[in-house]
Amino acid sequence: MFFVEVIDLEGLGNRSYLAGGESAAVAVDPPRDVGQVLAAAARRGVRITHVVETHIHNDYVTGGLELARIVGADYLVPAGAHVSFSRTPVRDGDTVDIDTGLTLTAVATPGHTPHHTAYVLGESGRPVAAFTGGSLLIGTVGRPDLVEPRLTEQLARAQHASAHRLADALPDDTAVLPTHGFGSFCSSAQADGDATTIGKEKAANAALTVDVDTFVAELLAGLEDVPAYYAHMGPANAAGPDPVDLTPPAVADPDEIAARLAAGEWVVDLRSRIAFADGHVAGSFNFEADGKLATYLAWMIPWGKPVTLLAETAEQLAAAQRELVRVGIDRPAAASTGGPAAWLRDGDTPASFARATFADLAARNLDDIVVVDVRRASERDGGRIAGSVHIPIHELHRRLGDVPDGTVWVHCAGGMRAGIAASLLDASGRHVVAVDDGFDAAADAGLTVVTD
């Protein structure tokens, strides 16, 4: 009997896997912090004999090199990937034994990257699961535009061919186990569901249901902005990431927090957007620890700028550190736990701003305020508040000067990104109201929602 254990990385929208038999296992696309993988192997009572990468990742720093070193495993990386460390290069058709009756076969599936490789797990010679990385996803495929603009169309066509190669070679009941598609911006669209098979994808995935020209045109038309930090992930993974250091950062007292703000560094408050709006250190930014912290902080912070973390508890701080090392923000400059009372100098008072609903917004005269929509363009295309200004959240910190004068009511789709945006605007000295509400409530509240 074989097993496959899913390791969810919800903040980044990815999955890693541990698969094996009674005594040995393989880890697929492991995260930078390898503790979850090691814990899963310990629970199963198996030794990790192989660590494999489907590709050089663009959206997170891999833990593959470090995991292989820790457990003494063979580290398999696609032969076409240019890396600076020792590994076992994998080519199309290569097979390794994982456990008794369990094999892993490499299948070249270019498209997400030129060297992308899927791995088919076989039990007694029969395919039972395919680890498809960024090739065939649930209802979609990995985006083809992360390597080089000149290769995008070529790679999109390769995605179509790779999806068909897998579909033609594998039984319909073969489980499809992708790395991307659960919120990662490496996916060209988000997964519709939690699990799938080759047979289900044959019926529903555009890569397998439409001709290549239609597929490519639609795929390229739907691509959105790439998170800025992706530019740093590939090089870090190709060079070989350093081991992580998750020891607590140096403690910052109120004077140091104030000094770091004065120096133009980022001070990030990890508390909920509700707590932040009620009271915070003036000039700090709010990225909720329970939101997509790694994605949005790494996307927006100037790369390499020192960051100080403010958390409610030591546990919240430790979890945030773990999230951030996954995207290459390795060591906070400093940190502090508690609340504004512990972070403000004597005589300083907390800053705050209002929160509201779309019903509150509908009750206002929109001619007297500025409504800023920080959703992505694709979200806005589905409906927008008439007269609102569109500045996607990942652009706002560079475009604060584009926000018209007046009190700013800022919204997103559910409230989390509006909280980030409100903190940026508040720190810049603007009078801001964070709309903490689902966008579906906008029309119901009486606001005019229009589409192009």
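Residues numbered from 1 in each chain as written. Predicted model: local features only at pLDDT ≥ 70, side-chain atom pairs only at ≥ 80, totals over all residues. Heavy atoms only, no water.

Trainee: For this particular structure, what's the right way to read the sheet that holds strand β21 (residues 408–411)?
Mentor: Taken in spatial order, the 5 strands of this open sheet run β17-β22-β21-β18-β20, and their pairing is parallel. Each end of this open sheet is capped by a strand with a single partner; those strands are β17 (354–356) and β20 (389–390). Pairing analysis gives 2 bridges linking strand β18 (residues 370–373) to β20, with the strands arranged parallel. Along β20, the bridge assignment pairs D373 with H390. (Pairing = 2+ DSSP bridges. Helix = DSSP H or I, 4+ residues; strand = E, 2+ residues; numbered from the N terminus.)

Trainee: What exactly am I supposed to notice about the packing of helix α10 (residues 293–300) against helix α11 (residues 314–325) here?
Mentor: What describes two packed helices is the angle between their axes and the distance between those same axes. In the contact formed by α10 and α11, the axes pass within 9 Å of each other and the chain directions differ by 60°. When the axes of α10 and α11 are compared, the pair comes out oblique. Crossing geometry of α10 relative to α11 is assigned as right-handed. Between α10 and α11, the contacting residues are L293, A294 and L297 on the first element and A320, E323 and L324 on the second. Its residues assigned to classes, the contact of α10 with α11 shows 5 nonpolar, no polar and 1 charged. (Axes fitted to C-alpha atoms, helices over the stretch in contact; angles between N-to-C directions. Parallel < 35°, antiparallel > 145°, perpendicular 65-115°, else oblique. Left-handed = near helix turned anticlockwise from the far one by under 90°. Contact = heavy atoms within 4.5 Å. Nonpolar A, V, L, I, M, F, W, Y, C, P; charged D, E, K, R; others polar.)

Trainee: So what exactly am I meant to see when it comes to the packing of aromatic side chains here?
Mentor: Given two aromatic rings, their pairing is described by the distance between the two centres and the angle made by the two planes. One pass over the full model with this rule turns up 9 aromatic pairs. Seen in terms of ring centroids, Y296 and W299 are 6.0 Å apart; in terms of plane orientation they differ by 10°. Their pairing is stacked. Of this pair, Y296 and W299 both sit in helix α10, 3 residues apart, roughly one helical turn. Of the two residues, Y296 and W299, neither departs from the other in class, the shared state being buried. Through a chain of ring-to-ring contacts, the aromatic side chains of F185, Y296 and W299 assemble into a single cluster. The ring of F182 has R15 lying over it, and the distance from NZ or CZ to the ring centre is 4.0 Å. For R375, the ring lying beneath its charged end belongs to F439, and the centroid distance is 4.0 Å. (Phe/Tyr/Trp six-rings, centres within 6.5 Å; stacked < 30°, edge-to-face > 60°. Buried < 20%, exposed > 50% of the residue type's maximum accessible area, 1.4 Å probe, protein only. Lys NZ or Arg CZ within 6 Å of the ring centre and 35° of its normal.)

Trainee: Whenever I open this one, the pairing of strand β1 (residues 3–9) confuses me. Can you help?
Mentor: Looking along a regular strand, one sees the side chains alternate between the two faces of the sheet. Every second residue of β1 is oriented toward a common face, the buried set being F3, E5, I7 and L9 and the non-buried set V4, V6 and D8. Relative to strand β2 (residues 14–20), β1 is paired through 7 bridges, and the arrangement is antiparallel. In the sheet register, V4 faces β2, and the bridge partner there is A19. Hairpin connection, β1 to β2: the antiparallel pair is bridged by 4 residues, and G13 has positive phi, about 75°.

Trainee: How do you make sense of the layout of surface pockets when you look at a structure like this?
Mentor: Think of a ball as big as a water molecule: rolled over the atoms, this probe shows where empty space is left. As a volume, the largest pocket reaches approximately 320 Å³. In the lining of the largest pocket, the residues fall into 5 nonpolar, 6 polar and 5 charged. (1 Å grid on protein atoms, 1.4 Å probe; cavity = no way out; pocket = protein on both sides within 12 Å on 5 of 7 lines; lining within 4 Å. Points joined across faces, edges and corners; volume = space filled by probe spheres on them.)

Trainee: Looking at this structure, how should I read the sheet that holds strand β10 (residues 126–133)?
Mentor: Backbone-to-backbone hydrogen bonds join strands into a sheet, with any given pair of strands oriented parallel or antiparallel. Overall, mixed pairing links the 6 strands, which are arranged β7-β8-β9-β10-β11-β12 in an open sheet. Either end of the sheet is taken by a strand with one partner, and the two such strands are β7 (95–99) and β12 (196–197). Note: strand β8 (residues 102–108) against strand β9 (residues 117–123), 7 bridges, orientation antiparallel. Looking at β9, one finds that V107 is bridged to A118.

Trainee: Teacher, can you tell me more about the environment of P248 here?
Mentor: Looking at the element boundaries, P248 is found in the loop between α7 (230–239) and α8 (254–262). A relative accessible area of 66% means that P248 is categorised as exposed. Not counting the four nearest positions on each side in its chain, P248 is found in contact with Q321 and R331.

Trainee: Even after reading the chapter, I still don't get helix α2 (residues 64–71), so can you show me in this structure?
Mentor: Every α-helix winds through 3.6 residues per turn, so residues three or four apart in the chain are directed the same way. Taken residue by residue, α2 has G64, E66, L67 and A68 as its buried positions. The inward-facing, buried residues of α2 contact β3 (24–28), α1 (35–44), β4 (47–52) and β5 (74–78). Directly beyond the C-terminal end of α2, a positive phi value near 70° is found at G72.

Trainee: Just to check I follow, could you spell out empty space enclosed by the protein for this structure?
Mentor: Tallying each qualifying case throughout the model produces 2 cavities of 30 Å³ or more. The volume enclosed by the largest cavity comes to roughly 50 Å³. Lining of the largest cavity is provided by R273, A277, N286, F353, R355, G415, A418, G419, A434, V435 and D436. Sorting the residues of the lining of the largest cavity by element identifies α9 (273–278), α16 (416–427) and β22 (432–435) as the ones contributing at least two each. Partitioned by chemical class, the residues of the lining of the largest cavity number 5 nonpolar, 3 polar and 3 charged. Taken as a whole, the second largest cavity holds about 50 Å³ of empty space.

Trainee: Explanation requested: the nonpolar core in the structure shown.
Mentor: Inside soluble globular proteins, nonpolar side chains tend to come together where they are buried. Ranked by size, the top nonpolar core spans 53 residues in total, and within it W266, F287 and L297 carry the most contacts. Broken down by element, the residue count for this core peaks at 7 residues, all from α10. Filtering out sequence-adjacent residues up to four positions away, W266 remains in contact with F285, F287, L297, M300, I301, P302, K305, P306, V307, T308 and H397. Listed in part, the 21 residues of the second largest apolar core include F3, A40, A81 and F85. (Core = buried A, V, L, I, M, F, W, Y, C linked by side-chain atoms within 4.5 Å.)

Trainee: How do you make sense of the pattern of salt bridges when you look at a structure like this?
Mentor: Under the definition given, this model contains 31 salt bridges. In this structure, R271 engages D269 in a salt bridge whose closest nitrogen and oxygen atoms are separated by 2.8 Å. Given a relative accessible area of 5%, R271 falls into the buried group. Taken together, the shared-partner salt bridges in this structure form one network comprising D33, R322, E323 and R326. (Salt bridge = Lys/Arg side-chain N within 4 Å of Asp/Glu carboxyl O.)

Trainee: Before we go on, may I ask you to explain α10 in this structure?
Mentor: With 8 of 8 residues buried, α10 is to be regarded as a mostly interior element. Taken residue by residue, α10 has L293, A294, T295, Y296, L297, A298, W299 and M300 as its buried positions. Packed against the buried residues of α10 are β13 (266–269), α11, α15 (393–396) and α16.

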